[in-house]
Amino acid sequence: MTEVSIAAGARNGRAAALTYVLVTPARDEAAFIERTIASVVAQTVRPTKWLIVSDGSTDGTDQIVRRYSAEHEWIELVEMPERAERHFAGKVAAFNAGYARVRNLGYDVIGNLDADISFDEEYLEFLLCKFADDPRLGVAGTPFREGSHQYDYRFTSIEHVSGACQMFRRECFEEIGGYVPVKIGGIDLVAVLTARMKGWHTRSFPEKTCVHHRSMGTRNRVN
């Protein structure tokens, strides 16, 4: 057995000690969501449950999710009606619709995953290992890339965790009361700051990245 395989086995063992669930709010993400689903399906450690919440999508997002949920029983589609009012708090409402389906399940970590990102097959195992290594780690994630651009922590704090993929220790998420539905945005920042105020560690780990496929400047609306 090689040193590489021994190290991989040790990582898998640490990650396997923790279980996790995912919630993905999605609004008209047919152009991107299949990459996200393929990334999660390929993970070395899969979630116990993944709730994908279609927030009134009309572009075929629901049909894509149904196709994968038929093949994987741990993927579930939650359909919400289209909202007349559009604001950033809508993402929280969609997340909470999925969270309501998993809050009574047994798990250690809960993740909020955007519907327009992709990552390598060891991505979520890597983050689970970080939770296993630090019992006070409350929120974890990685930087994201958009094309040739990558989030640069020279201009912010490594303790900030991007909303593209935020993983929470269950006790931390419950202690902060989940996401605050702020209409003007910043829900990911509020969650991270609240966690730190409660004494939890928060950290982005630059050893890995996820790819954000929809340019943040291309949305002509909020969620």
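Above this text you will find the structure in question.
Source: prediction; values computed, not measured.

Peer 1: Please give an account of the overall build of the protein that cites residues and values.
Peer 2: Along the protein, the regular secondary structure elements total 7 helices and 11 strands. Burial statistics for the protein: of 223 residues in total, 52% are counted as buried. Considering only contacts within the protein whose residues lie at least 6 apart along the sequence, 82% involve residues at least 24 apart.

Peer 1: Which residues make up the pairing of strand S2 (residues 49–55), and what values go with them?
Peer 2: Along any regular strand, the residues point their side chains to alternate faces of the sheet. Most of S2 is tucked away: 7 of the 7 residues are buried. Of the two faces of S2, the one carrying Lys49, Leu51, Val53 and Asp55 and the one carrying Trp50, Ile52 and Ser54 are both buried. In this sheet, S2 lies alongside strand S1 (residues 20–26) in parallel orientation, the contact comprising 6 bridges. Looking at S2, one finds that Val23 is bridged to Leu51. Both S2 and strand S3 (residues 75–80) contribute to a ladder of 6 bridges, which runs parallel. Bridge pairing in S3 places Ser54 opposite Glu79. On the question of chirality, the crossover connecting S2 to the parallel S3 by way of helix H3 (residues 61–71) is right-handed.

Peer 1: Account for the sheet that holds S3, with residues named and values stated.
Peer 2: The strands making up a sheet associate through hydrogen bonds between their backbones, and the pairing can be parallel or antiparallel. Here we have 7 strands laid out as an open sheet, ordered S3-S2-S1-S4-S9-S6-S10, and mixed in their pairing. Single-partner strands in this sheet number two, and they are S3 and strand S10 (201–204). Averaged over all pairs of adjacent strands, the angle between their axes in this sheet comes to 15 degrees, without regard to strand direction. Strand direction decides the pairing type here: strand S4 (residues 109–113) and strand S9 (residues 165–169), joined by 5 bridges, are antiparallel. Across the sheet, residue Gly111 finds its bridge partner in S9, namely Met167. The sheet contacts of H3 involve S1, S2 and S3, and relative to S3 the element is tilted by about 155 degrees.

Peer 1: Account for H3, with residues named and values stated.
Peer 2: Inspection of H3 places Thr61, Asp62, Ile64, Val65 and Tyr68 among the buried residues, and these make up the whole buried set. The buried side chains of H3 occupy one side of the element, clustering within an arc of 160 degrees when seen end-on. Turned more than 90 degrees off the buried face of H3, the exposed positions are Ala70 and Glu71. Packed against the buried residues of H3 are S1, helix H2 (33–41), S2 and S3.

So, how was this worked out
- Residues numbered from 1 in each chain as written.
- Predicted model: local features only at pLDDT ≥ 70, side-chain atom pairs only at ≥ 80, totals over all residues.
- Heavy atoms only, no water.
- Helix = DSSP H or I, 4+ residues; strand = E, 2+ residues; numbered from the N terminus.
- Buried < 20%, exposed > 50% of the residue type's maximum accessible area, 1.4 Å probe, protein only.
- Contact = heavy atoms within 4.5 Å.
- Pairing = 2+ DSSP bridges.
- Right-handed = clockwise from strand over helix to strand, strands pointing away.
- Axes fitted to C-alpha atoms, helices over the stretch in contact; angles between N-to-C directions.
- Arc of directions from axis to C-beta.

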